[in-house]
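Structure at a glance
Each chain, letter by letter, is given below.
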Amino acid sequence: MAAATHNQLSNNSVEIPIHENDIMDSKHCQKIEEGDNVDYFQRAQWLRAAVLGGNDGLVTVASLMMGVGSVKEDIKPMLLAGSAGLFAGACSMAIGEFVSVYTQRDIEVAQIKRENSMKVGGENEEEGEKENLPNPFQAAFASALAFSVGAVMPLLAAAFIKPHKVRLGVLLLVTSLALVVFGIVGAVLGRTPKVKSSIRVLVGGWMAMAITFGLTKLIGSHGLQM
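Keep in mind that this is a model prediction, so the values were computed, not measured. Each chain carries its own residue numbering, running from 1 in the written order of its sequence. Reporting in this predicted model follows two pLDDT cut-offs: at least 70 for local features of residues, and 80 or more for side-chain atom pairs to be given and counted; totals over whole chains, interfaces and linings ignore these cut-offs and use all residues. To get the side-chain values, take all heavy atoms of the structure and skip hydrogens and water.

**Concerning the nonpolar core**
- Nonpolar cores are built from buried Ala, Val, Leu, Ile, Met, Phe, Trp, Tyr and Cys residues. Side-chain atoms within 4.5 Å join them into one set. Burial status follows relative accessibility: with a 1.4 Å probe on protein chains alone, a residue under 20% of its type maximum counts as buried, one over 50% as exposed, and anything between as partly exposed. Counting 19 residues, the largest nonpolar core has Val 61, Met 65 and Met 78 as its most contacted members.
- Among the secondary structure elements, those contributing two or more residues to this core are helix 3 (51-69), helix 4 (75-116), helix 6 (136-158) and helix 7 (164-190).
- Among the elements that take part in this core, helix 6 stands out by supplying six residues, more than any other.
- The contact partners of Val 61, leaving out residues within four places of it in the chain, are Gly 82, Gly 85, Leu 86, Ala 151, Pro 154 and Leu 155.
- Counting residues in each nonpolar core, the second largest holds seven residues, with Val 51, Leu 58, Ala 178 and Leu 202 among its members. Helical segments are the DSSP runs of H or I of at least four residues, strand segments are the runs of E of at least two, and each set is numbered from the N terminus. Whether two residues are in contact is decided by their heavy atoms: any pair within 4.5 Å suffices.

**Thoughts on the UniProt feature "transmembrane region" (unreviewed entry) in the protein**
- UniProt positions are given in the numbering used here, feature names are shortened, and annotations may be inferred rather than shown by experiment. According to UniProt, the feature "transmembrane region" (unreviewed entry) maps to residues 78-96, 139-161, 168-189 and 201-220 in the numbering used here.
- Segment residues 139-161 splits into 87% helix and 0% strand. End C-alpha atoms: 35 Å apart.
- For residues 168-189, helix accounts for 100% and strand for 0%, while the C-alpha atoms at its two ends are 32 Å apart.

**Considering the side chain of Ser 197**
- If you trace the backbone, Ser 197 turns up in helix 8 (residues 194-225).
- Not counting residues within four places of it along the chain, the set of residues in contact with Ser 197 comprises Gly 183, Ala 187 and Thr 192.

**Describing a nonpolar patch on the surface**
- Patch membership is restricted to residues that have no salt bridge and whose relative accessible area is over 30%. Joining uses 9 Å for like charges and 5 Å for the nonpolar side chains Val, Leu, Ile, Met, Phe, Trp and Tyr. Using a 1.4 Å probe, the Shrake-Rupley method yields the accessible areas, and only the shown protein chains count as cover for residues. Here, a salt bridge means any side-chain nitrogen of Lys or Arg that lies within 4 Å of a carboxyl oxygen of Asp or Glu. Side chains of Leu 172, Val 195, Ile 199, Val 203, Trp 206, Met 207, Ile 211, Leu 215, Leu 218 and Ile 219 sit close together on the surface and give an oily, nonpolar patch of about 960 Å² of accessible area.
- Sorting elements by how many residues they give to the nonpolar patch places helix 8 first, with nine residues.
- Here Leu 218 shows up in helix 8.
- Taking relative accessible area as the criterion, Leu 218 reaches 46% and is therefore assigned partly exposed.

Structural data, given as structure tokens:
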């Protein structure tokens, strides 16, 4: 009786079909998620070297030019200060990025060697993993280039304007617009709120220029009186 009941239940069991499309969809979603994770990591690295580097160049050179413009009405001192800031800043960014990435690379290589030393045939895997590590020379070049691109903007904005007050106004306007653009680009690539990001970048740039302008004017006025 029990055996007959078991056979009946087996015959009446419901089979749930699993279509190949469902399996493919789940695999496809998994690949998308994995791809998104890798993409976000690469975006973070690129943003740090490109958008942030360009923003640093823009704010640094614009602040220098505003500071010199607070005590000198001639255009030459402003352009000389901006050019010096461009060269010094690009070199500083390149060297700093090179040292930072090279140090990170050394740490990751040491970690790879420790992990592969406990594996059979780990030497082949070690070479493949080293190829995926960031290149310090490429990172240094990218940082210097990004800084230079941002630094050129205020220089070009003030290079052909002779009236002192108009020059400062144009410099402030161009720098502000560029800051907003950098903020929006960073927000789009990083998938963060555009308005908050652009306002944060804009206010930070204004603060840097205002502080440099005020302190330089203060020091310059006291120096001229002495």
